[in-house]
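Chain by chain, the residues:
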Amino acid sequence: MTVLLHPTYFPNIAHFAVIAQNEICWEQEDNYQKQTFRNRTYICTDQGKHMLNIPIQHVGGAQGRQKFKDVKLENAYHWQRQHWRTLETAYRTSPFFEFYEDELAPLFEKKHSFLLDFNLQAIEIVCDFLEISMPTLKTESYESNPKNILDARHLANAKQNLDMQPAPYTQVFGKKHNFIGNMSILDLLFNEGTNAFDYLENQPLDFLNG
């Protein structure tokens, strides 16, 4: 089955379970929307659920809406350094942080211009960790009701309450906050490492019908 997805920022477990179990087509021709996982992801820290948000350059006035693929990063803020330091603080003591950090760190050191390109590169790095092929199929035009493909673009909506109860795994601060589900794929990787793919492959995808 081919599934239509938005390339989000270090996608959550629901997103990556879909990627691990299906053929994927990336939506790149839609208009950018706020309050989505396009530029945010959630991790677990000592304070509990924590959002990492990528600042973008907003356009308005005569320009109006802009396509997702045209959204530029706001690099006047040192957000990459901040995000990496937050990840280090949250996961330095996790079982597999050191296993992945050398491949991840350069992503937060090199300046990028476009949000879409940054997200795709981040996803490609994770696919390499999981030893799965990076999906390369992309939309060439926008369709509100695409045919012959399962439309799962709703998964990018950060305000949607997804009907998903992922199987618990051991988290760094699990004893303090109990298990927090559907975090960024990074949370799963840092805590479960080489078991991450099997975990994703065994997650039910009933939420795709939402």
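Below, the structure is looked at part by part. This is a predicted model, so every value here is computed, not measured.

1. Some details on the overall build of the chain
Line of reasoning, step 1. Helix and strand counts for the chain stand at seven helices and six strands.
Line of reasoning, step 2. Computed over C-alpha atoms, the radius of gyration of the chain comes to 17 Å, within 12% of the 17 Å expected from 2.2 N^0.38 for 210 residues, which places it in the range of a compact globule.
Line of reasoning, step 3. Seen through its principal axes, the chain has C-alpha atoms that stretch 50 × 40 × 30 Å.
Line of reasoning, step 4. When burial is assessed residue by residue, the chain has 52% of its 210 residues classed as buried.
Line of reasoning, step 5. Intrachain contacts of the chain at a sequence separation of at least 6 include 70% that bridge at least 24 residues.
Line of reasoning, step 6. As displayed, the chain offers around 10,900 Å² of accessible surface, 43% of which is attributable to carbon and sulfur atoms.

2. A word on unusual backbone geometry
Line of reasoning, step 1. Its identity as a non-glycine residue notwithstanding, Gln35 has a phi of 60 degrees, on the positive side.
Line of reasoning, step 2. With respect to the helices and strands, the residue Gln35 is situated in the loop between strand 2 (23-26) and strand 3 (40-45).

3. Concerning the sheet that holds strand 1 (residues 2-5)
Line of reasoning, step 1. The strand order across the open sheet built from four strands is 5-2-1-6, with neighbouring strands paired in parallel fashion. A single partner strand is all that each edge strand has here, and the edge strands are strand 5 (137-138) and strand 6 (150-151).
Line of reasoning, step 2. In this sheet, strand 2 lies alongside strand 1 in parallel orientation, the contact comprising four bridges. Counterpart to Leu4 in the pairing with strand 2 is Cys25.
Line of reasoning, step 3. Most of the contacts of helix 1 (residues 13-21) go to strand 1, to which it runs at about 150 degrees, and overall it touches strand 1 and strand 2.

4. A few points about the environment of Gly181
Line of reasoning, step 1. Within the element layout of this structure, Gly181 appears in the loop between helix 5 (174-177) and helix 6 (185-192).
Line of reasoning, step 2. Linking Gly181 and Tyr169, residues 12 residues apart in sequence, is a C-alpha distance of 9.0 Å.

5. Structural notes on the pairing of strand 4 (residues 48-53)
Line of reasoning, step 1. Where strand 3 lies against strand 4, six bridges are found, and the strand directions are antiparallel. Counted as the bridge partner of Cys44 is Lys49 from strand 4.
Line of reasoning, step 2. Hairpin connection between strand 3 and strand 4: a loop of two residues separates the two successive antiparallel strands.

Calculation notes
Residues numbered from 1 in each chain as written. Predicted model: local features only at pLDDT ≥ 70, side-chain atom pairs only at ≥ 80, totals over all residues. Heavy atoms only, no water. Helix = DSSP H or I, 4+ residues; strand = E, 2+ residues; numbered from the N terminus. Rg over C-alpha atoms; globule rule 2.2 N^0.38 Å. Buried < 20%, exposed > 50% of the residue type's maximum accessible area, 1.4 Å probe, protein only. Contact = heavy atoms within 4.5 Å. Areas by Shrake-Rupley, 256 points an atom, 1.4 Å probe, with all protein chains shown as cover. Pairing = 2+ DSSP bridges. Axes fitted to C-alpha atoms, helices over the stretch in contact; angles between N-to-C directions.

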